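# Residue-level structural notes
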Amino acid sequence: MRVGLYPGTFDPITLGHIDIIRRAAALVDKLVIGVAINRDKGPLFSLEERVAMIEAECAHLTEQTGTEIVAHPFENLLIDCARDVGAQIIVRGLRAVADFEYEFQMVGMNRALDDTVETVFLMAEARHQAIASKLVKEIARLDGDVSKFVTPRVNAALRERLG
């Protein structure tokens with residue numbers, strides 16, 4: 001069974017994330033969405049809320065693709081999380097050249113720690129490339145319309161939290 005790991009904070013999950021998840025599901029038999037517990041980032045949503053959002057938003061993708069998609073919180077090294085879930089592939093989404101430079105460094109470090117785990121980069125579709133959770137939160141905080149960037153369910157959660 002080919003297992004992929006797509007890590008991130010997903011605070012909140014965006015249409016860009018969902019696009020990468022949908023496309024990554026075509027590459028693996030099981031896709032683990034690694035939900036990072038990153039206290040330094042000061043997430044807007046709790047870990048439990050982020051996991052619940054991912055599960056709700058990905059349920060239909062499991063049905064559509066036939067790929068098992070599960071959320072898995074983690075606070076350890078990414079490569080250790082990959083080992084914990086049995087992932088042979090780490091999936092990373094790229095939006096811009098700046099993402100690539102950072103990701104290139106991360107791949108090098110992860111390969112040094114465990115060269116049996118490959119990293120696969122997927123470019124978000126053009127209409128989703130500018131979407132970043134940080135920007136979505138800022139727009140929502142300033143009472144802007146984020147409906148182009150998140151699902152209706154996530155939009156409602158943002159409005160409830162920030163409203």
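Reading the values: rules and limits
Residues numbered from 1 in each chain as written. Predicted model: local features only at pLDDT ≥ 70, side-chain atom pairs only at ≥ 80, totals over all residues. Heavy atoms only, no water. Phe/Tyr/Trp six-rings, centres within 6.5 Å; stacked < 30°, edge-to-face > 60°. Buried < 20%, exposed > 50% of the residue type's maximum accessible area, 1.4 Å probe, protein only. Core = buried A, V, L, I, M, F, W, Y, C linked by side-chain atoms within 4.5 Å. Helix = DSSP H or I, 4+ residues; strand = E, 2+ residues; numbered from the N terminus. Contact = heavy atoms within 4.5 Å. Arc of directions from axis to C-beta. Polar contact = N/O pair within 3.5 Å; in protein donor to acceptor, adjacent residues only side chain to side chain. Disulfide = S-S within 2.5 Å.

### Structural notes on the packing of aromatic side chains
- Overall, the coordinates contain 3 aromatic pairs when judged by the stated rule.
- Ring geometry for Y6 and F10: centres 5.3 Å apart, planes at 80°, overall edge-to-face.
- You can call F10 buried: its relative accessible area is 2%.
- Through a chain of ring-to-ring contacts, three or more aromatic side chains come together here, namely F100, F104 and F121.

### Here's the deal with the nonpolar core
- Ranked by internal contacts, the top residues of the largest apolar core, which has 33 residues, are I21, L31 and L158.
- Contributing elements (two or more residues each) for this core: helix 1 (15-25), strand 2 (30-36), helix 2 (47-65), strand 3 (68-74), strand 4 (89-94), helix 5 (133-141) and helix 6 (152-162).
- Take this core: its biggest share by element is 6 residues, from helix 2.
- Apart from residues lying up to four places away in sequence, L158 is in contact with P12, L44, F45, V136, K137, A140, V146, V150 and G163.
- Counting residues in each nonpolar core, the second largest holds 13 residues, with F74, L78, V85 and A87 among its members.

### What about the environment of I37?
- Mapped onto the secondary structure, I37 falls in the loop between strand 2 and helix 2.
- The class for I37 is partly exposed, based on a relative accessible area of 23%.
- Separated by 35 residues in the primary sequence, I37 and R2 have C-alpha atoms spaced 25 Å apart.
- Apart from the residues within four sequence positions on either side, I37 is in contact with L47, P73, F74 and E75.

### Considering helix 6
- Among all positions of helix 6, only V154, N155 and L158 are buried. For helix 6, the angular spread of buried residues about the axis comes to 105°, placing them on one side. Residues of helix 6 that are exposed and angled more than 90 degrees away from the buried face: P152 and E160.

### Examining the side chain of D114
- By secondary structure assignment, the location of D114 is in the loop between helix 4 (97-113) and strand 5 (118-123).
- For D114, the side chain forms a polar contact with the side chain of R83, separated by 3.1 Å.
- Setting aside residues no more than four positions away along its own chain, D114 makes contact with I79 and R83.

### Focus on the side chain of N110
- Take N110: it is sitting in helix 4.
- Residue classification places N110 among the buried residues on the basis of a relative accessible area of 8%.
- Not counting residues up to four positions away in its chain, the partners in contact with N110 are L78, I79 and I90.

### Side note on the state of the cysteines
- One pass over the structure, following the stated rule, counts 0 disulfides.
- Counting only cysteine sulfurs, C81 is the nearest neighbor of C58, a cysteine outside any disulfide, at a range of 15 Å.

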